[in-house]
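Working through the structure, step by step
Take a look at the letters that make up each chain.
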Amino acid sequence: MHSYDYWLIIAFFAVVLVPAPFLGRFYYKVMEGQRTWLTPVFGPVERVCYRVAGVDAQQEQSWQKYTLALLAFNLAGFLLLFAILLFQDYLPLNPQQLPGQEWTQAFNTAVSFMTNTNWQSYSGEATLSYLSQMVGLTVQNFVSAATGLAVLVALCRGIGRKSASTLGNFWVDMTRATLYGLLPLCLVLALFLVWQGVPQTFAHYVDALTLQGIDQVIPLGPAASQIAIKQLGTNGGGFFGVNSAHPFEDPTAWANLFEVAAIIMIPVALVFTFGHYVKDLRQSRAILGCMLALFLIGGAVSLWSEYQPNPTLNNPAVEQTAPLEGKEARFGTTGTVLWSVTTTAASNGSVNGMQDSLNPLSGMVALVNMMVGEVIFGGVGAGMYGMLLNVLIAVFLAGLMIGRTPEYLGKKLQAREVQLLVVTLLVMPVGVLVLGAIAASVPATAATISNPGPHGFSQLLYAYTSASANNGSAFGGLGANTPFHNLMLGLGMLIGRFGYILPVLALAGSLAMKKSAPIGQNSFPTHGPLFVTLLTVTILLVGGLTFLPTLALGPIAEHLSMGF
Amino acid sequence: MSSTIRPAISLLVLMTLITGVAYPLVVTGVAQVAFPDQANGSLVRDAEGKVRGSSLIAQQFSGDRWFHSRPSAGAFATVSSSASNLGPSNPALATRVFEDAGKIQVPGQGPVPLALLTTSGSGLDPHLPPQAIAYQLARVAAARQLPVSTLERLMDEHIEQPLVGPPVVNVLALNMALEKL
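Residues numbered from 1 in each chain as written. Chains lettered and ligands numbered in written order. Predicted model: local features only at pLDDT ≥ 70, side-chain atom pairs only at ≥ 80, totals over all residues. Heavy atoms only, no water.

Going by an unreviewed UniProt entry, chain B carries the name Potassium-transporting ATPase KdpC subunit and comes from Pseudomonas brenneri. Per UniProt, chain B has the following entry under Sequence similarities (unreviewed entry): "Belongs to the KdpC family." According to the UniProt record, the Subunit (unreviewed entry) comment for chain B is "The system is composed of three essential subunits: KdpA, KdpB and KdpC." (UniProt positions renumbered as here; feature names shortened; annotations may be inferred.)

An unreviewed UniProt entry lists chain A under the name Potassium-transporting ATPase potassium-binding subunit, with Pseudomonas brenneri as the source organism. In UniProt, chain A has this text filed under Sequence similarities (unreviewed entry): "Belongs to the KdpA family."

This paragraph deals with the overall build of chain A. Check the secondary structure of chain A and you find 19 helices and four strands. Its C-alpha atoms give chain A a radius of gyration of 23 Å, within 12% of the compact-globule value 24 Å for 564 residues. Considering only C-alpha atoms, chain A reaches an extent of 75 × 55 × 50 Å along its principal axes. The proportion of buried residues among the 564 residues of chain A is 66%. A fraction of 78% describes how many contacts in chain A between residues 6 or more apart in sequence connect residues 24 or more apart. Accessible area of chain A: about 18,000 Å², with a carbon and sulfur share of 68%. (Helix = DSSP H or I, 4+ residues; strand = E, 2+ residues; numbered from the N terminus. Rg over C-alpha atoms; globule rule 2.2 N^0.38 Å. Buried < 20%, exposed > 50% of the residue type's maximum accessible area, 1.4 Å probe, protein only. Contact = heavy atoms within 4.5 Å. Areas by Shrake-Rupley, 256 points an atom, 1.4 Å probe, with all protein chains shown as cover.)

Attention now moves to the side chain of His 127 of chain B. Among the secondary structure elements, His 127 of chain B is positioned in strand S3 (residues 127-128). Not counting chain neighbours up to four residues away, the residues in contact with His 127 of chain B comprise Pro 251, Ala 329 and Arg 330 of chain A together with Arg 70, Glu 160, Val 168, Val 169, Asn 170 and Val 171 of chain B.

Moving on, we come to the packing of helix H5 (residues 103-114) of chain A against helix H18 (residues 483-513) of chain A. Residue and element names in this part refer to chain A. As a packed pair, H5 and H18 sit with axes 9 Å apart at the nearest point and diverge in direction by 20°. As far as their axial angle goes, H18 and H5 are roughly parallel. The two elements H5 and H18 cross, and the hand of that crossing is left-handed. Here Trp 103, Thr 104, Gln 105, Phe 107, Asn 108, Val 111, Ser 112 and Met 114 of H5 come into contact with H18, specifically with Pro 483, His 485, Asn 486, Leu 487, Leu 489, Gly 490, Met 493, Leu 494 and Phe 498. (Axes fitted to C-alpha atoms, helices over the stretch in contact; angles between N-to-C directions. Parallel < 35°, antiparallel > 145°, perpendicular 65-115°, else oblique. Left-handed = near helix turned anticlockwise from the far one by under 90°.)

So, on to the interface of chain A and chain B. On the side of chain B, 95 residues touch chain A, which itself brings 108 residues to the contact. Counting across the chain A and chain B interface gives two salt bridges. The salt bridge partner of Arg 330 of chain A is Asp 125 of chain B, with a shortest N-O separation of 3.9 Å. Linking chain A with chain B are 35 residue pairs in polar contact (both at pLDDT 80 or more), by the criterion used here. (Salt bridge = Lys/Arg side-chain N within 4 Å of Asp/Glu carboxyl O. Polar contact = N/O pair within 3.5 Å; in protein donor to acceptor, adjacent residues only side chain to side chain.)

Residues and elements named next belong to chain A. Burial of the side chains of strand S1 (residues 206-209) is restricted to one face: Val 206 and Ala 208 are buried, whereas none of Asp 207 and Leu 209 on the reverse face is. Note that S1 and strand S2 (residues 215-218) share four bridges and pair antiparallel. Counted as the bridge partner of Val 206 is Ile 218 from S2. (Pairing = 2+ DSSP bridges.)

Time to look at the sheet that holds strand S5 (residues 168-170) of chain B. All names here are of chain B. Pairing in this open sheet of three strands is antiparallel, and the strands run S3-S5-S4 from one edge to the other. At either margin of the open sheet sits one strand with a lone partner, and together these are S3 and strand S4 (159-160). With two bridges connecting them, S3 and S5 associate as antiparallel partners. Looking across to S5, one finds that Leu 128 is bridged to Val 169. Across the face of the sheet, helix H7 (residues 171-180) comes into contact with S3 and S5 while running at roughly 55° to S5.

Below, the discussion takes up the domain arrangement of chain B. Each domain of chain B was delimited in the assignment, giving domain 1 (2-39) and domain 2 (43-180). For domain 1 of chain B versus domain 2 of chain B, the separation of C-alpha centres amounts to 39 Å. (Domains from an automatic or database assignment.)

Another aspect to go through is the packing of aromatic side chains. Within a pair of aromatic rings, the relevant descriptors are the distance that separates the centres and the angle that separates the planes. All names here are of chain A. Scanning all chains against the criterion turns up 23 aromatic pairs over all chains. Ring centres 5.6 Å apart and planes at 65° place the aromatic pair Phe 295 and Phe 377 in the edge-to-face group. With Phe 295 in helix H11 (residues 281-306) and Phe 377 in the loop between helix H13 (360-371) and helix H14 (382-402), this pair connects stretches of sequence that are 82 residues apart. Relative to Phe 475, the ring of Tyr 462 lies with its centre 4.4 Å away and its plane at 20°, an arrangement referred to as stacked. Of this pair, Tyr 462 sits in helix H17 (residues 454-468) while Phe 475 is found in the loop between H17 and H18, placing the two residues 13 residues apart along the sequence. The buried category is assigned to Tyr 462, whose relative accessible area is 0%. Judged by relative accessible area, which is 5%, Phe 475 ranks as buried. (Phe/Tyr/Trp six-rings, centres within 6.5 Å; stacked < 30°, edge-to-face > 60°.)

Moving on, we get to empty space enclosed by the protein. Under the criterion given, the structure shown has five cavities of 30 Å³ or more. Approximately 160 Å³ is the volume attributed to the largest cavity. Around the largest cavity sit 18 residues that line it, and Glu 374, Ala 382, Ala 469, Asn 470 and Tyr 500 of chain A are the ones nearest its centre. Of all the secondary-structure elements, those providing two or more residues to the lining of the largest cavity are H14 and H18 of chain A. The biggest single contributor to the lining of the largest cavity is H14 of chain A, with four residues. Of the residues that constitute the lining of the largest cavity, the class distribution is five nonpolar, eleven polar and two charged. Approximately 60 Å³ is the volume attributed to the second largest cavity. Along its surface, the second largest cavity is lined by Asn 310, Leu 313, Pro 323, Leu 324, Glu 325, Ser 357 and Asn 359 of chain A together with Leu 86, Gly 87, Pro 88, Leu 93 and Thr 118 of chain B. Residue classes in the lining of the second largest cavity are distributed as six nonpolar, five polar and one charged. (1 Å grid on protein atoms, 1.4 Å probe; cavity = no way out; pocket = protein on both sides within 12 Å on 5 of 7 lines; lining within 4 Å. Points joined across faces, edges and corners; volume = space filled by probe spheres on them. Nonpolar A, V, L, I, M, F, W, Y, C, P; charged D, E, K, R; others polar.)

The structure is reproduced here in structure tokens:
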């Protein structure tokens, strides 16, 4: 590693960690309707929204009504996007006259963006009109992240409130998350990216004649505005087919730094938001400690692995150095690895190099990051509510060990809460192992796998893990655009999204109703190093043990077979 | 039920107007005024004003007289961009790399830099590491009958070294400067 590699890592952590406490407090104030410096700008917009929608911002909802509102809003968003993708050839802003998407692909894409997964079985510049990208996808990029944030604050209120029957108002939470939480940061990042070289125009693609006289089409579009929310909203769906590996999506090393930091900027801040809700920032620091520990372990393994020269390329005529297949020269090994680890730790799924060509153990780190349920920072809102589920499981385990009724921040965990927790534990195994096994046993799947040996299995495993974890990154060689994969992966994304959201909201409702017991000397402290260790081990054991056999068949077998 | 359906549909429409229409329009408006060059694709034009490419998109260069770009899995196709997605253990990767190394290797210059043997993530990587340019200096100098030191100086002038990323040379910019020598 060179000095610029260290500078990149230092700058990354600085950009992510320094603003987090302030941003976390800002999110708390915004979601609780307190006045911030942005209120004069967005306050009037917010009030117009509520008036048009017939929403009373003071009227709170029970967990059932909150859930119903969320489902209705997501269903409406899905239907609108599905229709836009199917019929884009009849709609304006289609300068390249692209046809509508085939229906299974449109279903897959609409589910993908509605669930904040942003798995892509298409290549944007070749299949989607400007209208589909902008009015279709960008909108779901915003509101799917806002939905995740709404679910998180509902859970925070459930834990923080005492003997309460309501969790807040979904319409208000979603609106505030979009307007105050996402739009301002996106505006800043989008303009920074244009400055660095990302296009932002409605003009047609440009015809160029290269220096050696070859015709070249330069694809353009309103890219920067979409890329900003794609990163900040942990969405990950690229404007161009190769995502942020494309020089128009991520043109410079500086753009790369801020794009990769933008992936986890909001998820890290939300750890502090939780602390404000429960009025105990020690809890935030403990959870952040656990997330950072898991992130650093994965990052170290991935970096070490990716700096090993590929033994199968050992030849005197070939320079023996860190592999470069699928990587861009302007990012180098560290820039690509940092992105790979971050995008899978958070449920972003954008890439700046090809995951498929990573060394086996680097690919495995990406897989493990997703398999533990996207809780290492995770998606906007989704990462923190997923992490809180693990916290509750760790508290329950601790309760079993010391023989007392488990309680978290004064709330007793009883049969109903534990049942709901168990439901969420089944989401990843069902999505990855059941759907993945079905896919693996269908004969047609073999034709969609592009690499031989264990790596071919990893491609399939990665796809079903990515969909179920709502990540969206891929071992891109997999021919994912078949009706079978489009429908099955779409199902995986739905299970992965709502398999968490529904139990989490039920849990929030159940916790909100409880009285709060005073935290006495007998309570198990959840902010010390002992708990951080217990939490970290719980996450690795619950996630890791379930999937260890599949990792052995895929990346581990590949690693051993290559003779590193 | 209408207490759910009305807000769902009206807020979806409003969010579409705000985030899907107003937001991209505002970004476009500001970008076109503040950074018109970048916002329109960082296009490169010749003396007659004809578009010869984009400084961010790689071009295919062949023959001894030009510095070659990184290999492209999609043959430099821009619509749509693509990568090889070859796994590290795929024998097709080793076969391709060894074949290309045999063609590119210059006796006495050591092994071929890996960047000249591997395809990039986008297939449109506009850059090469300086070592990969240096490996081509002798060939281009001989074909253009220029002293190697002149080209070396030209290369050094084109090295970009950001604080947070590896040093790179923009191949198109270098080749355009080469034409002006």
